[in-house]
Amino acid sequence: MKIVLVTGGSGLVGRAIQSVIERDRRKEESWIFVGSKDADLCDKESTRRLFEKHRPTHVIHLAAMVGGLFHNMSHNLDFLRNNIHMNDNVLQTAHEHNVAKIVSCLSTCIFPDKTTYPIDETMVHNGPPHPSNYGYSYAKRLIDIANRGYHDQHDRLYTSVIPCNVFGPNDNFHPSASHVIPGLMRRLYDLCKDGNTENKVFSVLGSGKPLRQFIYSIDLAKLIIWVLREYDSVEPIILSVDESQEKSIAQVAETLVQAFNFKGKVVYDTSAADGQYKKTASNGKLRRYLPDFQFTPFEQAIKETVDWYIKNYDCARN
Ligand code: NDP
């Protein structure tokens, strides 16, 4: 029997895994989803009690201090220390409890700032990350280093996945903490809540031209479950949509406008910074394993997320 413990089980990705597993139960697996109410993973003793209680054989480690650009820039030390503590506590406690396999989560935003495109799995440590989020990035990069150490010294299969930007139900919509899609959704929701939108203006920060890859949390959940069940390498694997599915911020804004049925004007505030023009990541490695995996069409995934948000606004993370 596999006992799978999912840390960060109450977050965007954790809740998506929960909903996929509800439809894809296997009798040889039992799944446990935990959030910060169940244990403070920055605390070794609390982490140990969690492992004592559930005695997992497998771990999906999603828990992290996660935030938007502004929060990262002003709290790099907190991002570094909290994530280092959480990752070390989870990996070492798992090792002490003889956990057979761990899948941890890195991110495409931790790659070197100066790089060639598309980015691939071999480039994680090739140069300094973007200065805005060095704390988060170095803490995440150390997971890959630790995975290699647990493999070399103890023959453990502790591996990692590298998702691109994630969106979906249960995201964080708080204005100062949110990523681009939930941030724009929150603003459109506020503009649409009184009904008539014809005279309203939806202002999008930046030129709308930068390109990004976005993965629907439900698709990412299916891929992480596949990694847990089938992927047997310590080397990280990028979990991203295809390069051809890259979207401009303007396309994202227009898709959201359709989904909200917003009838007002969309303007691009070019006085705000655009950030990097693109950060294209290659999913070539994933495609070699799963050439036929179908990603949910972007419009459909956005519509499902918007419908969820409108229905669950009162209990969402606003
Ligand atoms: P969320 O912010 O939605 O969730 C974070 C989770 O971590 C929550 O379940 C939270 O618990 C838990 N957590 C935070 N601090 C602690 C702590 N001290 N002890 C125990 N649990 C804690 O994150 P996502 O679902 O978006 O991210 C999941 C993973 O994916 C992270 O590792 C992130 O770095 C990575 N990632 C995310 C991307 C994105 O675009 N969102 C992109 C690429 C990678 P609670 O809510 O109960 O407090």
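Described in the following lines is the structure provided in the data block. Owing to the predicted nature of the structure, the values given are computational and were not obtained by experimental measurement. (Residues numbered from 1 in each chain as written. Predicted model: local features only at pLDDT ≥ 70, side-chain atom pairs only at ≥ 80, totals over all residues. Heavy atoms only, no water.)

Here the focus is the overall build of the protein chain. When helices and strands are tallied, the protein chain shows 10 helices and 12 strands. In terms of principal-axis extent, the alpha carbons of the protein chain reach across some 60 × 40 × 40 Å. Considering the protein chain as a whole, with its 318 residues, one finds that 54% of them fall into the buried category. Within the protein chain, contacts between residues at least 6 apart in sequence are counted, and of these 82% link residues at least 24 apart. Summed over all atoms, the accessible surface of the protein chain reaches about 14900 Å², with 50% contributed by carbon and sulfur. Taking the 38 positively charged and 37 negatively charged side chains of the protein chain as two groups, their mean positions are separated by 2 Å. (Helix = DSSP H or I, 4+ residues; strand = E, 2+ residues; numbered from the N terminus. Buried < 20%, exposed > 50% of the residue type's maximum accessible area, 1.4 Å probe, protein only. Contact = heavy atoms within 4.5 Å. Areas by Shrake-Rupley, 256 points an atom, 1.4 Å probe, with all protein chains shown as cover. Lys, Arg positive; Asp, Glu negative; His and termini not counted. Charge placed at Lys NZ, Arg CZ, Asp CG, Glu CD.)

We now examine the site of the ligand. Within the structure, the ligand sits among 28 residues, and S10, S36, Y136, K140 and R317 are positioned closest to it. Contact between the ligand and R317: an oxygen atom at 2.7 Å from a side-chain N or O atom of the residue. Protein burial of the ligand: of its 910 Å² of free accessible surface, 86% is covered by the chains. Sorting the residues of the shell around the ligand by element identifies α1 (12–23), α5 (134–154) and β6 (165–167) as the ones contributing at least two each. Across the shell around the ligand, the residue classes break down as 16 nonpolar, 9 polar and 3 charged. (Near = heavy atom within 4 Å. Polar contact = N/O pair within 3.5 Å; in protein donor to acceptor, adjacent residues only side chain to side chain. Nonpolar A, V, L, I, M, F, W, Y, C, P; charged D, E, K, R; others polar.)

The next thing to look at is helix α8 (residues 249–260). For α8, which comprises 12 residues, the first-to-last C-alpha distance of 16 Å matches the rise-based estimate of 16 Å (1.5 Å per residue) to within 8%. Where α8 is concerned, the buried positions are I249, V252, A253, T255, L256, V257, A259 and F260. Phi for N261, located one or two positions after α8, is positive at around 55 degrees. (Expected span 1.5 Å × (residues − 1).)

Another aspect to go through is the pairing of strand β1 (residues 2–7). Two strands pair when backbone bridges link them, and β1 and strand β2 (residues 29–34) are joined in this way by 6 bridges, in the parallel orientation. Note that in β2 the partner of T7 across the bridge is V34. For the crossover from β1 across α1 to β2, the handedness is right-handed. Bridge analysis of β1 against strand β3 (residues 58–61) gives 4 bridges, and the strand direction is parallel. Paired with T7 across the bridge in β3 is H61. (Pairing = 2+ DSSP bridges. Right-handed = clockwise from strand over helix to strand, strands pointing away.)

One pass over the full model with this rule turns up 16 aromatic pairs. Note on F214 and F298: the rings are 6.2 Å apart at their centroids and 35 degrees apart in plane angle, and the pair reads as tilted. Within this pair, whereas F214 is found in strand β9 (residues 214–216), its partner F298 is found in helix α10 (residues 298–312), the two being separated by 84 residues in sequence. A relative accessible area of 6% means that F214 is categorised as buried. The buried category is assigned to F298, whose relative accessible area is 10%. Centre to centre, the rings of W226 and Y231 are 6.1 Å apart; their planes meet at 45 degrees, and the pair counts as tilted. Like Y231, W226 is buried. Members of the aromatic cluster, joined through ring pairs, are F173, Y189, W308, Y309 and Y313. (Phe/Tyr/Trp six-rings, centres within 6.5 Å; stacked < 30°, edge-to-face > 60°.)

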